[in-house]
Amino acid sequence: MTAFFDRQLALRPLRLDHLPPARAGDLAYKRFLKPRFSSRRSPDHVALAQRARFHLRRAVWVRVPTTEGVVQAYVFEPDANVRSRGSVLIAHGWTSEASFMAVIAEQLRRAGFRVIAFDQPAHGRSVRAEASLIDCARALRQVADALGPTPFVVTHSMGGLATLLAGAGGAPMGSGYAFERYVLIASPNRFRVITDEFADEVGLGPQARRAYERHLERVAHRTMSSFTAANLLAVTERPALVIHARDDAEVAFAHAEEIVGHCPLAELRAVDGVGHRNILFAPPVIRAVVSYLTAD
């Protein structure tokens, strides 16, 4: 049966509107947990990842056991001739991996930070074939505990939600991790927007959509309507730099405006012409990240 489901999940595009609602909801949830089957994953992802991993050559590779499986982490030690500024945790987004944020890691290392990057469960060189956002948040917390302390965190896309879950704490995470300052790059605000886009993609009707959402709410211990980056950031009561491209076609710029509008300690840095992924390599973005984290 598992092999059958995997074959069904591997079909791209997958349509579930011909199935009974309960079964469609179950299958949609299973598909949603498998980043390698996501339509957001670039067709040339493997080639891009192999190229990006070249930038991990300066890092010390560490295997970190977690409750979500063994996670591959990468530790970049700071330049010896610059002032030491503490540690930064880097959290990549869905379908991505640590190597795609290595350019930011390198610049932070040069600025005096010890940088900890890692591949989320079911991503990169970490184990597992599937993972929920909660699984990623738990693994992130355990990497921070094992290799930290890490007062600062830089995230991209869904990595922002995973990090905020770890920072805010509460069910199902337990106590929150005391990050002092957040950088949220291209982060979604309302998780429901992401899950609704996927439900539309696979053709879920109202009943099937509700069955699919019940799985998500059960795992997250919260309703979909309350599952927002803004709510989580407000709980942490910590400052954040929110960086977002106005031309982001995957996570609309309005998400950033919602986060900042809800959180007085958050500030918005808008950029143009770099979209959702190239934002990680844009010099103005990297300068803004380093400046924000080095500011007294």
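Data block above holds the structure.
What this report covers is the structure whose coordinates are included nearby. (Residues numbered from 1 in each chain as written. Predicted model: local features only at pLDDT ≥ 70, side-chain atom pairs only at ≥ 80, totals over all residues. Heavy atoms only, no water.)

**Digging into the pairing of strand 3 (residues 87-91)**
Convention followed: Here's how the labels work: a residue is buried when its accessible area is under 20% of the maximum for its type, exposed when over 50%, partly exposed in between, all with a 1.4 Å probe on protein chains only. Secondary structure is summarised from DSSP: a helix means a run of H or I of at least four residues, a strand means a run of E of at least two, and numbering begins at the N terminus for each. A pair of strands is considered paired only if DSSP assigns at least 2 bridges between the two. By convention, orient the strands away from the viewer: a clockwise path from the first strand over the helix to the second makes the crossover right-handed.
Summarising burial for strand 3: five of the five residues are buried, a large majority. Of the two faces of strand 3, both are covered, the one formed by Ser87, Leu89 and Ala91 as well as the one formed by Val88 and Ile90. Note: strand 3 against strand 4 (residues 114-118), four bridges, orientation parallel. Its bridge partner lying in strand 4, isoleucine 90 is registered against alanine 117. Where the polypeptide runs from strand 3 across helix 4 (residues 102-110) and back to strand 4, its parallel neighbour, the crossover connection is right-handed. Judged from the four bridges that link them, strand 3 and strand 5 (residues 152-156) form a sheet pairing that is parallel. Each residue of the ladder has a partner; that of valine 88, found in strand 5, is phenylalanine 152.

**Examining the sheet that holds strand 7 (residues 240-245)**
Here is the rule we go by: The convention used is that axes are lines fitted to C-alpha atoms, helices contributing only their stretch in contact, and that angles between N-to-C directions extend from 0 to 180 degrees. Note on definitions: a residue-residue contact is assigned when non-hydrogen atoms from the two residues lie within 4.5 Å.
Read from one edge of the open sheet, eight strands run 1-2-4-3-5-6-7-8, paired in mixed fashion. Two strands bound the open sheet, and with one partner strand each, they are strand 1 (60-66) and strand 8 (266-271). Going from strand to strand, the sheet's axes swing by 20° on average, the running direction of each strand aside. Bridge analysis of strand 7 against strand 8 gives six bridges, and the strand direction is parallel. Bridge pairing in strand 8 links isoleucine 243 to arginine 269. The sheet contacts of helix 4 involve strand 2 (69-76), strand 3, strand 4, strand 5 and strand 6 (181-185), and relative to strand 3 the element is tilted by about 175°.

**So, the nonpolar core**
To keep it simple, the criterion reads: Only buried residues count toward a nonpolar core, which is a set of Ala, Val, Leu, Ile, Met, Phe, Trp, Tyr and Cys residues joined through side-chain atoms within 4.5 Å.
The biggest cluster of nonpolar side chains holds 65 residues, and the ones touching the most others in it are Leu16, Leu89, Phe191, Leu204 and Tyr212. The element contributing the most residues to this core is helix 5 (residues 133-147), with nine residues. Those residues in contact with leucine 16, other than ones at most four positions away along the chain, are Ala24, Leu27, Ala28, Val202, Gly203 and Leu204. Counting 36 residues, the second-largest nonpolar core is a separate cluster that includes Met101, Ala102, Ala111 and Ile185.

**Here's the deal with the packing of helix 5 against helix 6 (residues 158-168)**
Let me state the cut-off plainly: Left-handed describes a crossing whose near helix is turned anticlockwise from the far helix through less than a right angle; right-handed describes the clockwise counterpart.
Running from N to C, helix 5 and helix 6 cross one another at 65°; their axes reach a closest spacing of 8 Å. Seen along the crossing, helix 5 lies across helix 6 with a hand that is right-handed. Of helix 6, the residues touching helix 5 (which contributes Leu133, Ile134, Cys136, Ala137, Leu140 and Arg141) are Met158, Leu161, Ala162, Thr163, Leu165 and Ala166.

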